[in-house]
Amino acid sequence: MITRRLLVISGVLAVASALTSCTSSAPKPESLPVVELRQEWFPNANFAGEVSAAKRFAQAEKIQLKVVPGAEDVDPIKVVLSKGADFGVVGGDLLVAAVAKGAPLVAIGVVNVKSPTCFLVKEKSGIKGPADFPGKRVGILAGTNTERVYQLMMKRAGIDRSKVKEVQVPFELQTFILGQYDVRPAFIYDEPVSLEQQGIAYEVIDPAQYGVHFTGTVYFTRRDVLDAKRPLAQALITSLVKGWTFTIANSDESLSDVLAAYPSLKKERERRSLQLALPYFAGENGKPLTASAETWQSMISGLEEIGVIAPHAVRVEEVWDPSLVSHAYDK
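Residues numbered from 1 in each chain as written. Predicted model: local features only at pLDDT ≥ 70, side-chain atom pairs only at ≥ 80, totals over all residues. Heavy atoms only, no water.

Engineer: Mind showing me how you'd approach the overall build of the protein here?
Structural biologist: Tallying secondary structure elements over the protein gives 14 helices and 10 strands in all. Summarising its shape, the C-alpha atoms of the protein cover approximately 95 × 45 × 35 Å along the three principal directions. By residue count, 49% of the 331 residues in the protein fall in the buried class. Taking all contacts inside the protein whose residues are at least 6 apart in sequence as the whole, residues at least 24 apart take part in 82%. Taking the average place of the 37 positive charges on the side chains of the protein and the average place of its 37 negative ones, the gap between the two points comes to 5 Å. (Helix = DSSP H or I, 4+ residues; strand = E, 2+ residues; numbered from the N terminus. Buried < 20%, exposed > 50% of the residue type's maximum accessible area, 1.4 Å probe, protein only. Contact = heavy atoms within 4.5 Å. Lys, Arg positive; Asp, Glu negative; His and termini not counted. Charge placed at Lys NZ, Arg CZ, Asp CG, Glu CD.)

Engineer: What is the right way to look at the pattern of salt bridges in this model?
Structural biologist: Where charged atoms of side chains with opposite charge meet at close range, the side chains can pair. Applying the stated rule across the entire model yields 21 salt bridges. The salt bridge involving R271 is made with E268; its shortest N-O contact spans 3.7 Å. Of this pair, R271 and E268 both sit in helix 11 (residues 267-277), three residues apart, which is roughly one turn of the helix. On the basis of relative accessibility, which here comes to 28%, the residue R271 falls in the partly exposed class. By relative accessible area, which is 52% here, E268 ends up exposed. (Salt bridge = Lys/Arg side-chain N within 4 Å of Asp/Glu carboxyl O.)

Engineer: Help me understand the pairing of strand 3 (residues 87-91), please; the structure alone is not making it clear to me.
Structural biologist: For a regular strand, side-chain orientation follows a simple rule: the groups alternate between the two sheet faces. Of all five residues that make up strand 3, five are buried, and the element is covered over most of its length. Bridging between strand 1 (residues 34-38) and strand 3 involves two bridges; their strand directions are parallel. Note on strand 3: the bridge partner recorded for R38 is G88. Of the strand pairs in this sheet, strand 3 and strand 10 (residues 217-222) are connected by five bridges, and their pairing is antiparallel. In the strand pairing of strand 10, G91 is matched with T217. (Pairing = 2+ DSSP bridges.)

Engineer: Is there a simple way to explain the nonpolar core in this structure?
Structural biologist: One recurring pattern in soluble globular proteins: nonpolar side chains tend to sit buried together. Ranked by size, the top nonpolar core spans 99 residues in total, and within it V96, F133, Y150, Y219, L240 and W296 carry the most contacts. Apart from the residues within four sequence positions on either side, L240 is in contact with L37, E50, A53, L65, Y219 and L289. (Core = buried A, V, L, I, M, F, W, Y, C linked by side-chain atoms within 4.5 Å.)

Engineer: Would you take a moment to explain the packing of helix 5 (residues 145-156) against helix 12 (residues 293-305) for this structure?
Structural biologist: When two helices pack together, you describe them by how their axes are tilted relative to each other and by the distance separating the axes. Between helix 5 and helix 12, the shortest axis-to-axis distance is 10 Å and the interhelical angle comes to 75 degrees. When the axis of helix 5 is compared with that of helix 12, the two are roughly perpendicular. For the pair formed by helix 5 and helix 12, the contact residues are R148, L152, K155 and R156 on the first element and G302, L303 and E305 on the second. Classifying every residue of the contact of helix 5 with helix 12 gives two nonpolar, one polar and four charged. (Axes fitted to C-alpha atoms, helices over the stretch in contact; angles between N-to-C directions. Parallel < 35°, antiparallel > 145°, perpendicular 65-115°, else oblique. Nonpolar A, V, L, I, M, F, W, Y, C, P; charged D, E, K, R; others polar.)

Below, the structure is given as structure tokens:
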């Protein structure tokens, strides 16, 4: 009996020793390399995929993912070009324009395969589309994705912009609410939520109905980073694929991750925002971060059409490297 007990105790100790050995050999989170992702805008529900990636999946890819918020005066392209960060988030059209000018940058994942840009009008305005813009005051957010989408929408709708009163507007929404202009450039999961919360009825004008097909934001890096730090870039993209896949399937849990990371956010507002946003994060064919060469070419052609870039100034393969996303799905 004593011998049997000793054998059992010895076996338990052996297993415990093995588990301790395995645990001690696993890298501690604080010892993993930090990968910073520079966002374009302030924290909001649409950080969900990145925040869940950082919290739930990055460690398995042997990195610490740090999501760095942006602001009105932050240009992720300048930050990454100056090597203030290796990875950033920016509008796809802005990236194409930068690459066309010679910037050694490349997109490595597509956050919104369809741009969330839209245009809002008050319900009783009588404005239904670009054909109603002449004689009206149309807000312009200069330098943003919305400006280029507006330019192409008006061109393809055949509207003479000289008959439209275009006014530069601030990011805040109050001037639109007060009626200082009639058409508000917006993102489908931002300004509409603010209007709903204030009980203001609105209608949405979708640029896609007028033949405008841009991507929204994309993940990008410098080309030298892909050469020198490809394993880190791959770990980042694999984490983000998992993060967005998780968010789409478990939006409430992912929103909880965001609210824990940014406690000042308002839960109900961000819940509604994420609800409106999820279709824009699904990727092509239901695969987050994916986009076809045809999607990129459509945006490049649109930017050529409105003179943002010269004809044939850039090719799809110069702005889009899908290999990291493909490998993440293969893995």
